Amino acid sequence: MEARLRPRTVLAMAPGVREEVFAKGALDRLAELADLHGDVLHDLSSGSALPVLAEAEVLVTGWGCPPLGAELLERAPKLRFIAHAAGTVKTFLDPVVLEGGVRVSSAADANAVPVAEFTYAAIVFGAKRAFTMAHRYREHGTKRDFSGISWLGARRITVGVVGFSRIGRRVVELLRGLEAEVLVYDPYADPALVARLGGVLVDLDTLVRRSHVVSLHAPSTPETYRLLDRSRLAKLMDGAVVINTARGTLIDTEALLEEVTSGRLDAILDVSDPEPLPSGHPLFGLPNVFLTPHLAGAQGNELGRLADSTVEEVARYCAGLPLLHEIQLDALDRMA
């Protein structure tokens, strides 16, 4: 891909993020494409940042990016494109930036890959009761004590996928290997696309009643707050596994705690509400609950996907080609 221009480009992210996400090769490639300012901006309102922003056409952002709103448009009158080298932009981007004509893309698609992989592994481990069995093995030395387990195994189970997002879609595709029946709930999903990927679009109550495993992939919005509330958790079959790699607020934590404490449900939670859970929270001590510290997204050597995706978007911008992961204003409120 031949670039037609080398726009003045500035990085804005927390200290250390450039080194963590952008390996030398990716940063060198970015410098070939763009007139790259050498320093990373951590505070866009500082005196030293103002003359840099005044000339910036492209802003490459990452974790810990300062808030971007109307002030940015004033300080960066030449700004035309923001490439976010991470997932969600909702934590720092004011819609006024998009309304002002600045194009924005994110590496959310690249970040979706490890989340979907993590989710698939969680579904298999959850269906095999790996965490409960590990606890029994550790505590009692029994080889295979399946007593009290309602059902066991990952083949041909029914999996409910809540949220046909970029991650939800990848999970649906991965589930083909399990010969699973896949139920999908998403009020914005295209039924034809769901069917083409092997799922069936249903209402949420049908999904929770029929699913052996429920995996959450919806964004955090007022409409999705405690989507799995006390009444919906009660509708889950005995032994159902609840997996959350999305946002903790999608589940009523206290109601879930009651269900897993009773042993009726299992849970695999990469996120929680509140996050992090306070030290000593009862969920930590339950054998049928597996908790991880929000690590399903890109970590370690997976971060290279974020850098590669971002550099590709900058290359396409420079070449005047359509962006692959552009964020549209009318979809912003439905995004994770």
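Look up: the structure comes first, before these words.
Residues numbered from 1 in each chain as written. Predicted model: local features only at pLDDT ≥ 70, side-chain atom pairs only at ≥ 80, totals over all residues. Heavy atoms only, no water.

(A) Quick peek at the sheet that holds strand S8 (residues 199-201). With parallel pairing, the seven strands of this open sheet are ordered in space as S8-S7-S6-S9-S10-S11-S12. Each edge of the open sheet carries a strand with a single partner, namely S8 and strand S12 (289-291). Neighbouring strand axes in the sheet, compared pairwise and without regard to direction, differ in orientation by 15° on average. In this structure, strand S6 (residues 158-162) lies alongside strand S7 (residues 181-185), joined through five bridges in parallel fashion. Its bridge partner being in S7, glycine 160 is matched across the sheet by leucine 183. Sheet strands in contact with helix H6 (residues 108-127) are S6, strand S9 (213-216), strand S10 (241-244) and strand S11 (266-269), and its direction is about 160° off that of S10. (Pairing = 2+ DSSP bridges. Helix = DSSP H or I, 4+ residues; strand = E, 2+ residues; numbered from the N terminus. Axes fitted to C-alpha atoms, helices over the stretch in contact; angles between N-to-C directions. Contact = heavy atoms within 4.5 Å.)

(B) Inspection of the sheet that holds strand S4 (residues 81-84) at higher detail. Sheet architecture is open: five strands sit in the order S2-S1-S3-S4-S5, paired in parallel fashion. One side of each edge strand has no neighbouring strand; the edge strands of this open sheet are strand S2 (35-41) and strand S5 (103-106). Mean inter-strand twist for the sheet, computed between neighbouring axes without regard to direction, equals 20°. Bridge count between strand S1 (residues 8-12) and strand S3 (residues 58-61): four bridges; the pairing is parallel. By the bridge assignment for S3, valine 10 is matched with leucine 59. Sheet strands touched by helix H13 (residues 303-319): S3, S4 and S5. Its angle to S4, the strand with the most contacts, is close to 160°.

(C) Broad picture of the pattern of salt bridges. Applying the stated rule across the entire model yields 19 salt bridges. The salt bridge involving arginine 232 is made with aspartate 205; its shortest N-O contact spans 2.9 Å. Of this pair, arginine 232 sits in helix H11 (residues 230-235) while aspartate 205 is found in helix H10 (residues 204-210), placing the two residues 27 residues apart along the sequence. Arginine 232 gets classed as partly exposed once you look at its relative accessible area, which sits at 21%. According to the relative accessible area criterion, aspartate 205 is partly exposed, its value standing at 23%. In this structure, arginine 264 and glutamate 259 form a salt bridge, with 2.8 Å as the shortest nitrogen-oxygen distance. Among the charged side chains, a salt-bridge network with shared partners connects Arg155, Arg156 and Glu179. (Salt bridge = Lys/Arg side-chain N within 4 Å of Asp/Glu carboxyl O. Buried < 20%, exposed > 50% of the residue type's maximum accessible area, 1.4 Å probe, protein only.)

(D) Looking closely at helix H8 (residues 166-174). Where H8 is concerned, the buried positions are Ile167, Gly168, Val171 and Val172. Viewed along the axis of H8, the buried residues span an arc of 140°, placing them on a single side of the element. Where H8 is buried, its residues contact H6, S6, S7 and S8. (Arc of directions from axis to C-beta.)

(E) Highlighting a negative patch on the surface. Taken together, the side chains of Glu71, Glu74, Asp94 and Glu99 define an acidic patch exposed on the protein surface. In this fold, glutamate 71 is placed in helix H4 (residues 70-75). (Patch = residues over 30% accessible without salt bridge, like charges linked within 9 Å, V, L, I, M, F, W, Y side chains within 5 Å. Areas by Shrake-Rupley, 256 points an atom, 1.4 Å probe, with all protein chains shown as cover. Lys, Arg positive; Asp, Glu negative; His and termini not counted. Charge placed at Lys NZ, Arg CZ, Asp CG, Glu CD.)

Everything listed here is a matter of coordinates, which is why it stays silent on function.
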